[in-house]
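What follows is each chain in one-letter form.
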Amino acid sequence: MEFKYDSNNIFAKILKKEIPNETVFETKHSLAFKDINPAAPIHILVIPKGPYINYDHFVSQATNEEIIDFNKTIIQVIKNEKLDPERNGNGYRLIANTGLNGVQEVPHLHFHILGGRNMGFMVSR
Ligand code: 5GP
């Protein structure tokens, strides 16, 4: 399977600092920033800095260092936002929309962290 990354997508432009973002956390390999059109009181996007379209692309081609960094960044943001149930947080939803049926708008891997309210049913039925 060949993954064709579009280096002009909006998150690539954010990484190149061509457009601004509200960063909440950053590491060597990952960036977490506020969603421009929040669907919940807390709505943060976590992306790897490398050019990966989706989770499959990332897990099959990223280095272990990048994969560990990205996954730990997601959890760090969840903790920073005090969402984790283990520390009295009220929980959260983690979403990675992928491809056509997943309704992925931006072709750069991103996880949505949503919280601050009850997120309701997982998907519309
Ligand atoms: P997707 O549908 O691909 O899973 O989600 C893309 C997300 O990116 C949407 O929630 C949308 O609001 C967000 N988004 C799109 N353009 C920008 C932008 O320029 N800046 C930020 N911070 N978020 C964006």
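Residues numbered from 1 in each chain as written. Predicted model: local features only at pLDDT ≥ 70, side-chain atom pairs only at ≥ 80, totals over all residues. Heavy atoms only, no water.

Some remarks on the packing of aromatic side chains
Note the following rule: Two rings belonging to Phe, Tyr or Trp (six-membered ring only in the last case) form a pair when the distance between their centres is within 6.5 Å. Interplanar angles under 30 degrees mark stacking, angles over 60 mark edge-to-face geometry, and anything in between is tilted. Helix and strand assignments follow DSSP, with helices taken as H or I runs no shorter than four residues and strands as E runs no shorter than two, numbered in order from the N terminus. Type-normalised accessible area, obtained with a 1.4 Å probe on protein chains alone, sets the label of each residue: buried when under 20%, exposed when over 50%, and partly exposed for intermediate values.
Taken as a whole and judged by the stated rule, the model has five aromatic pairs. Pairing Phe11 with Phe33 gives two aromatic rings, centres 5.4 Å apart and planes at 80°, and the pair type is edge-to-face. You can see Phe11 sitting in helix H1 (residues 10–15) and its partner Phe33 sitting in strand E2 (residues 30–34), a full 22 residues away along the chain. Of the two residues, Phe11 and Phe33, both sit in the buried class. Ring geometry for Phe58 and Phe70: centres 5.1 Å apart, planes at 70°, overall edge-to-face. With a gap of 12 residues between them, Phe58 in helix H2 (residues 55–61) and Phe70 in helix H3 (residues 64–80) connect regions that are remote in the sequence. Its relative accessible area of 0% is what places Phe58 among the buried residues. Overall, Phe70 belongs to the buried group, its relative accessible area being 0%. Counting every residue linked through ring pairs, the aromatic cluster contains Tyr52, Tyr55, Phe58, Phe70 and Phe111.

Observations regarding the pairing of strand E1 (residues 23–26)
Cut-off, in case you're wondering: The pairing criterion for strands is at least two bridges between them, as found by DSSP.
Looking at chain direction, E1 and E2 are connected through three bridges and run antiparallel. The residue bridging Glu26 from the neighbouring strand is Leu31, located in E2. Counting the residues that bridge the hairpin from E1 to E2 gives three residues.

Things to note about the layout of surface pockets
Over the atoms a probe the size of a water molecule is rolled, and this reveals where empty space is left. Put simply, the test is: A 1.4 Å probe that fits into a set of points on a 1 Å grid over the protein atoms alone but cannot get out defines a cavity; an open set with protein on both sides within 12 Å along at least five of seven lines defines a pocket, and lining residues are those with an atom within 4 Å of a point. Grid points are joined across faces, edges and corners, and a volume is the space filled by probe spheres set on the points. Nonpolar residues are Ala, Val, Leu, Ile, Met, Phe, Trp, Tyr, Cys and Pro. Charged residues are Asp, Glu, Lys and Arg, and all others, Gly as well, are polar.
Taken as a whole, the largest pocket spans an internal volume of roughly 530 Å³. Mapped by element, the contributors of at least two residues to the lining of the largest pocket are H1, E2 and strand E3 (42–48). Examining the composition of the lining of the largest pocket, we find that three residues originate from one element, H1, more than from any other. Residues of the lining of the largest pocket, tallied by class, amount to 11 nonpolar, seven polar and four charged. If you add up the space inside the second largest pocket, you get close to 220 Å³. In terms of residue count, the dominant contributor to the lining of the second largest pocket is strand E4 (residues 93–95) (three residues). Per-class residue counts for the lining of the second largest pocket are seven nonpolar, two polar and one charged.

Describing the sheet that holds E2
Note on sheets: strands pair through backbone hydrogen bonds, and any given pair is parallel or antiparallel. To keep things clear, this is the line we draw: Every axis in this analysis is a line fitted to C-alpha atoms, fitted for helices over the stretch in contact. Angles between the N-to-C directions lie between 0 and 180 degrees.
Pairing is antiparallel in the open sheet, where five strands are placed in the order E1-E2-E3-E5-E4. Each having just a single partner strand, E1 and E4 make up the two edges of the open sheet. On average, each strand axis in the sheet is inclined to that of its neighbour by 20°, with strand direction left out of account. Sheet analysis places E2 next to E3, joined by five bridges and oriented antiparallel. Within E3, the residue paired with Ser30 across the bridge is Pro48.

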